[in-house]
Amino acid sequence: MRYEPVSIPEKFSKFSEHYRPKVIAQMNDYQFKLARVQGDFVWHSHEHTDETFLIVEGELTIEFRDGQVKLKQGDMFVVPKGKEHRPRAAVECKIMLIEPAGTVNTGDAGGEMTAPDDVWI
């Protein structure tokens, strides 16, 4: 068996599109996904799961109907299940998402920003 680390910078070099998460690892039923984000995403929620955001590079604001949280490189935030939210970034931000396999990026909202699921890089 070969033991190889996952290089996050190398994985980010493999894609450039925004709001299209890519799976880089899985632990039990949870996937670790990388995404580039810029601009406003859609308002949505995930009824059955929390969603973890880890900021790899840049700054991200997660808006809620009753407030917001501003995150910078090295910050992590868990959006509670069922909480409606909208990520936004003025300039490109690189993030890692940690969530159960099969979680749809647009949650209950659907629409044209829904990314293909389970895309590995």
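Residues numbered from 1 in each chain as written. Predicted model: local features only at pLDDT ≥ 70, side-chain atom pairs only at ≥ 80, totals over all residues. Heavy atoms only, no water.

### A closer look at the layout of surface pockets
Here the largest pocket defines a volume of roughly 190 Å³. If you go around the largest pocket, you meet 13 residues; those closest to its centre are Glu 59, Leu 60, Thr 61, Ala 89 and Ala 90. Residue assignment for the lining of the largest pocket shows that the elements contributing at least two residues are strand S2 (30–40), strand S4 (59–64), strand S5 (67–72) and strand S7 (85–100). Looking at which element gives the most residues to the lining of the largest pocket, the answer is S7, with four residues. Residues belonging to the lining of the largest pocket are distributed by class as follows: five nonpolar, three polar and five charged. (1 Å grid on protein atoms, 1.4 Å probe; cavity = no way out; pocket = protein on both sides within 12 Å on 5 of 7 lines; lining within 4 Å. Points joined across faces, edges and corners; volume = space filled by probe spheres on them. Helix = DSSP H or I, 4+ residues; strand = E, 2+ residues; numbered from the N terminus. Nonpolar A, V, L, I, M, F, W, Y, C, P; charged D, E, K, R; others polar.)

### Topic: the pattern of salt bridges
Summed over the entire model, instances satisfying the criterion amount to 13 salt bridges. Where Glu 63 meets Arg 88, a salt bridge forms, and the shortest distance between an N and an O atom there is 3.6 Å. Within this pair, whereas Glu 63 is found in strand S4, its partner Arg 88 is found in strand S7, the two being separated by 25 residues in sequence. Exposure remark for Glu 63: the relative accessible area of 13% places this residue in the buried category. On the accessibility criterion, Arg 88 (33% relative accessible area) is partly exposed. (Salt bridge = Lys/Arg side-chain N within 4 Å of Asp/Glu carboxyl O. Buried < 20%, exposed > 50% of the residue type's maximum accessible area, 1.4 Å probe, protein only.)

### Concerning the packing of aromatic side chains
One pass over the structure, following the stated rule, counts three aromatic pairs. Seen from their ring centres, Phe 64 and Phe 77 are 6.0 Å apart, and the 55 degrees between their planes marks the pair as tilted. Here Phe 64 is found in strand S4, whereas its partner Phe 77 is found in strand S6 (residues 76–79), with 13 residues between them in sequence. The ring of Phe 15 carries Arg 36 above its face, with NZ or CZ at 5.6 Å from the centroid. A cation over a ring is seen here: Arg 65 above Trp 43, with NZ or CZ 3.9 Å from the ring centre. (Phe/Tyr/Trp six-rings, centres within 6.5 Å; stacked < 30°, edge-to-face > 60°. Lys NZ or Arg CZ within 6 Å of the ring centre and 35° of its normal.)

### Digging into the pairing of S4
Burial analysis of S4 places five of its six residues in the buried class, which makes it a mostly covered element. With six bridges joining them, S4 and S5 adopt antiparallel strand pairing. The partner of Leu 60 across the bridge, within S5, is Leu 71. Where S4 meets S7, four bridges bridge the pair, whose relative direction is antiparallel. Within the sheet, the bridge partner assigned to Glu 63 lies in S7 and is Arg 86. (Pairing = 2+ DSSP bridges.)

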